[in-house]
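For reference, the chains in residue letters:
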Amino acid sequence: MDCQLDIFFLEAVLNGLLLAGLLALLALGLNLIFGVIDVVWICYAELVMIGMYGIFYAHKAGVPLLLAALFGILLVALAGAVLHQVVIRPVLDSAPINQLLVTGGVLFFLQAAATMAFGVDFRNLGIRFGSITLADMSFSYSRIITFGVALAAMLVLWLFLSRTYLGIAIRAIAQDRQIMPLMGVDQRRIYLVTSAIGGGLAGLAAALMVLQYDIYPQIGLQFGPLIFMICVLGGLGSLIGGFVAAFIISEFIAIGGSCFATEWGYAIAFLFFMVVIFIRPQGLFGGRS
Amino acid sequence: MRISRTAVIGLPILIALPLIVHLLFGGSEKYYLHLLIQILIWSFIYTGWSLMGRFGLTSLGHGAFTGIGAYVTVLLWNFAGLTPWLGVPAAIVIAVVVALLVGYPCFHMRITGHYFALLTLALTEFIRLCIVGLRDYTGGSLGTQPRRYGDGISLYAMQFEPNRVLSYYIVLALWLVGLYIWWRVDRSMDRFALDAASQDEEAAASVGINVTREKLKVTAISAAMCALGGAVYGQYQMYIGPDTIAGLSVSLNIVFACIAGGLWVMLGPTVGAVFTQVLSEVLRVTMQGSATLQALFGSAVLALDTLVYGLLLILFIIYMPKGILGTLLEKRAKKAAAAPARPEAISS
């Protein structure tokens with residue numbers, strides 16, 4: 001246990017901050033769907049995985065990286081829309097827990113499909129951006145890019161939700177499901193658009209993750225539980241809350257990981273999450289219970 | 001009394017089953033007995049989960065309890081030399097304490113639905129990470145084995161794996177105990193209280209039901225059963241790993257098998273276990289026999305059973321939320337109600 005307040009500790013803290021950007025982006029799409037449609041996509045991280053494979057193979061086929069990333073975003077946006085239309089729509093009126101479980105079936109399906117199609121090997125793009133060194137601390141450029149893009153994406157989503165007609169309609173639906181259809185807002189269309197946007201955000205996260213992580217069919221299990229935790233911890237539908245929660249959780253992971261072992265960082269984060277929810281079930285920034 | 005008639009016919013068949021298997025599949029009876037044992041152990045665990053699940057307490061945390069049951073028992077045996085006769089009760093007590101520690105704030109703060117599911121999911125992950133983190137004792141993600149005692153069959157060490165027939169009767173008894181507990185809960189006043197609470201918590205509380213206490217009771221029983229099931233699983237398999245007996249995929253498997261079989265009927269979880277185990281075995285055997293599939297997908301063909309499994313679960317939840325047995329019983333009841341009374345029914 002060599003946990004001192006030295007330069008390595010500071011490096012861990014700053015790397016935790018960079019990780020928070022990615023986790024916040026991952027939580028953003030799920031949070032949007034959770035808030036608007038009131039459905040938890042347990043398979044959200046698996047959609048990210050599909051996006052990563054899409055980008056990987058597109059890039060291998062000779063597509064430039066930026067175009068491949070765009071392809072990945074569109075692919076997962078489409079997947080989100082299809083998921084909503086085919087799987088979520090039929091169970092919208094049944095018990096809320098069934099909606100969560102049905103996407104659990106999708107989780108198994110996507111994981112197995114990816115294993116069969118792409119094998120169990122770890123793959124990566126093999127692109128290295130190098131890293132920047134600051135006073136003995138090193139930060140990889142891919143993490144810094146990820147952080148910047150994640151922040152920009154959150155800003156764009158916020159502008160979209162607060163400034164455009166469609167965005168306002170989406171927020172209105174989230175506030176009152178019964179009234180909005182009477183005001184002439186087509187609920188089914190809003191749900192579909194929201195699912196596609198949520199998928200698109202997962203695709204964007206996938207595009208950033210292929211820069212840093214190996215791709216394998218089980219990668220969803222590594223990130224999925226973290227994403228749910230951040231969503232609930234931040235408070236349903238609160239974009240700021242999602243970011244703060246992502247920051248807290250990733251600092252637990254980064255500092256715990258540097259002081260003890262990686263698993264203990266995660267374990268402490270999960271324990272912290274449970275304790276907070278016991279005290280504030282609506283999450284740190286949630287308005288409604 | 002349909003249940004009792006089923007029992008009168010079914011129980012002797014189950015007791016004679018090893019003999020039947022021996023007569024039918026002389027050479028490969030070990031394999032079939034293994035399949036039956038697996039089904040019975042998981043049926044017991046699923047039945048334990050359904051005690052909570054049927055009242056809308058959809059826990060994704062039961063992978064934690066099976067994990068605690070298996071790991072505490074094995075670790076006490078391997079490192080403290082403590083016989084499982086004391087180790088299993090210790091494991092059950094720990095699982096129940098964990099369940100109450102998580103359950104009390106949940107029920108007190110009225111955490112239900114999605115939030116309850118996600119919170120219990122965090123519990124599962126926490127326990128799995130603890131298991132992996134304590135790798136000096138637990139073997140980390142590679143798993144570990146209970147130390148073999150003598151020739152592997154011992155009352156003292158609660159080991160019975162080499163004798164499949166003995167193992168079968170042990171888990172059959174376990175399964176019957178599970179059904180008895182389910183039946184007792186089903187007939188108790190608590191069940192009506194919990195039914196009321198799952199419909200409308202405020203209303204139930206207003207007529208004098210202590211909702212938190214009722215939920216805690218059923219949570220404790222459910223966690224204890226899953227811990228016991230996990231411990232027996234470890235003793236039979238003689239191997240435990242964080243992904244085979246703990247973790248999110250175990251939790252999800254438990255929930256899905258219960259839903260596939262039928263949550264609200266006694267034998268629903270059992271039917272779910274039969275269905276899922278037989279399905280994955282049939283798919284596995286067909287795939288290993290098929291040269292075309294092997295050539296197409298190589299070893300990744302093993303994922304096909306998960307693929308079919310996931311697809312079926314989606315279809316079940318959308319089109320048959322009452323599960324296989326629940327739907328069948330409902331159809332039968334409808335038919336019986338619609339059919340005109342037969343003469344012999346009147347005379348008897």
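Residues numbered from 1 in each chain as written. Chains lettered and ligands numbered in written order. Predicted model: local features only at pLDDT ≥ 70, side-chain atom pairs only at ≥ 80, totals over all residues.

**Quick look at the overall build of chain A**
Scanning chain A for helices and strands turns up eleven helices and two strands. In sequence order, the secondary structure elements of chain A are arranged as α-α-α-α-β-β-α-α-α-α-α-α-α. Considering only C-alpha atoms, chain A reaches an extent of 60 × 50 × 35 Å along its principal axes. Considering only contacts in chain A between residues 6 or more positions apart, those separated by 24 or more positions represent 75%. (Helix = DSSP H or I, 4+ residues; strand = E, 2+ residues; numbered from the N terminus. Contact = placed C-beta atoms within 7 Å.)

**What to know about the overall build of chain B**
In terms of helices and strands, chain B carries 16 helices and zero strands. Expressed as lengths along the three principal axes of its C-alpha atoms, the size of chain B is roughly 60 × 50 × 45 Å. Burial statistics for chain B: of 348 residues in total, 45% are counted as buried. At a minimum sequence separation of 6, the contacts of chain B that also span at least 24 residues come to 74%. (Buried ≥ 20, exposed ≤ 12 C-beta atoms within 10 Å, placed from the backbone.)

**Overview of the environment of Gly133 of chain B**
Here Gly133 of chain B lies in helix α5 (residues 113–133). Looking at Gly133 of chain B, the number of C-beta atoms within 10 Å reads 18, which means it is partly exposed. Spatially, the C-alpha atoms of Gly133 of chain B and Leu11 of chain B are 44 Å apart, while their sequence positions differ by 122 residues. Once you skip the residues sitting within four places of it in the chain, Gly133 of chain B turns out to touch Ala261, Glu263, Trp264 and Ala267 of chain A.

**Details of the interface of chain B and chain A**
Between chain B and chain A, the residue contacts involve 39 residues of the former and 40 residues of the latter. Breaking the side of chain B that touches chain A down by element, the ones donating at least two residues are α4 (84–108), α5, α11 (248–261) and α14 (304–319) of chain B. Among the elements that take part in the side of chain B that touches chain A, α5 of chain B stands out by supplying 15 residues, more than any other. For the side of chain B that touches chain A, the residue count by class is 32 nonpolar, six polar and one charged. (Nonpolar A, V, L, I, M, F, W, Y, C, P; charged D, E, K, R; others polar.)

**Focus on helix α12 (residues 268–289) of chain B**
Here α12 of chain B is 22 residues long and its end C-alpha atoms lie 31 Å apart, about the 32 Å a rise of 1.5 Å per residue gives. For α12 of chain B, the secondary structure elements touched by its buried residues are α2 (29–53), α11, α14 and α15 (323–338) of chain B. (Expected span 1.5 Å × (residues − 1).)

**Brief notes about the packing of α11 of chain B against α12 of chain B**
Residues and elements named next belong to chain B. It is the contact of α11 with α12, at a shortest axis distance of 7 Å, that shows an interaxial angle of 110°. When the interaxial angle is binned, α11 and α12 end up roughly perpendicular. Here Ala257, Cys258, Ala260 and Gly261 of α11 come into contact with α12, specifically with Gly268, Pro269, Thr270, Val271, Gly272, Ala273, Phe275 and Thr276. Here the contact of α11 with α12 is composed, by residue class, of seven nonpolar, five polar and no charged. (Axes fitted to C-alpha atoms, helices over the stretch in contact; angles between N-to-C directions. Parallel < 35°, antiparallel > 145°, perpendicular 65-115°, else oblique.)

**Focus on the environment of Gln38 of chain B**
All names here are of chain B. Note on placement: Gln38 falls in helix α2. On the basis of neighbour count, Gln38 is assigned to the partly exposed category, with 17 C-beta atoms found within 10 Å. Placed 236 residues apart in sequence, Gln38 and Val274 show a C-alpha to C-alpha distance of 9.2 Å.

**Details of helix α9 (residues 219–234) of chain A**
Each α-helix turn comprises 3.6 residues. Residues three or four places apart therefore point the same way. Between its terminal C-alpha atoms α9 of chain A stretches 23 Å, which fits the 22 Å expected from 16 residues at 1.5 Å a residue. With respect to burial, α9 of chain A is a largely interior element, 14 of its 16 residues being buried.

**Describing the packing of helix α2 (residues 44–60) of chain A against helix α4 (residues 96–118) of chain A**
All names here are of chain A. The geometry of α2 relative to α4 is characterised by a closest axis approach of 9 Å and an angle of 25° between their N-to-C directions. In terms of orientation, α2 lies roughly parallel with respect to α4. At the point where α2 passes α4, the crossing takes the left-handed sense. Only Leu107, Leu110, Gln111, Ala114 and Phe118 of α4 make contact with α2, whose side of the interface consists of Glu46, Met49, Ile50 and Tyr53. Of the residues that constitute the contact of α2 with α4, the class distribution is seven nonpolar, one polar and one charged. (Left-handed = near helix turned anticlockwise from the far one by under 90°.)

**Observations regarding the confidence of the model for chain B**
When the pLDDT values of chain B are averaged, the result is 86; 96% of them are 70 or greater. pLDDT under 50 marks residues 343–348 of chain B. Its contacts with residues more than four places away, or in other chains, come to one contact. (pLDDT = per-residue confidence, 0-100.)

**Re the nonpolar core**
Counting 204 residues, the largest nonpolar core has Leu23, Val48, Ala205, Ile227, Ile230 and Ile249 of chain A together with Ala227 of chain B as its most contacted members. It is helix α1 (residues 7–37) of chain A that contributes the most residues to this core, 17 residues altogether. Those residues in contact with Ile249 of chain A that sit more than four places away from it in its chain are Leu23, Leu226, Met229, Ile230, Leu233 and Ala269 of chain A. (Core = buried A, V, L, I, M, F, W, Y, C linked by C-beta atoms within 7 Å.)

**Overview of unusual backbone geometry**
Residue and element names in this part refer to chain B. One non-glycine residue, Arg110, adopts positive backbone phi at about 55°. Note that Arg110 resides in the loop between α4 and α5. Of the residues examined, Arg110 has 15 C-beta atoms within 10 Å and is grouped as partly exposed.

**Brief notes about the environment of Ala135 of chain A**
Residues and elements named next belong to chain A. Take Ala135: it is sitting in the loop between β1 (131–134) and β2 (137–140). For Ala135, a count of 7 C-beta atoms within 10 Å puts it in the exposed group. Sequence separation between Ala135 and Glu11 is 124 residues, and the spatial gap between their C-alpha atoms is 9.9 Å.

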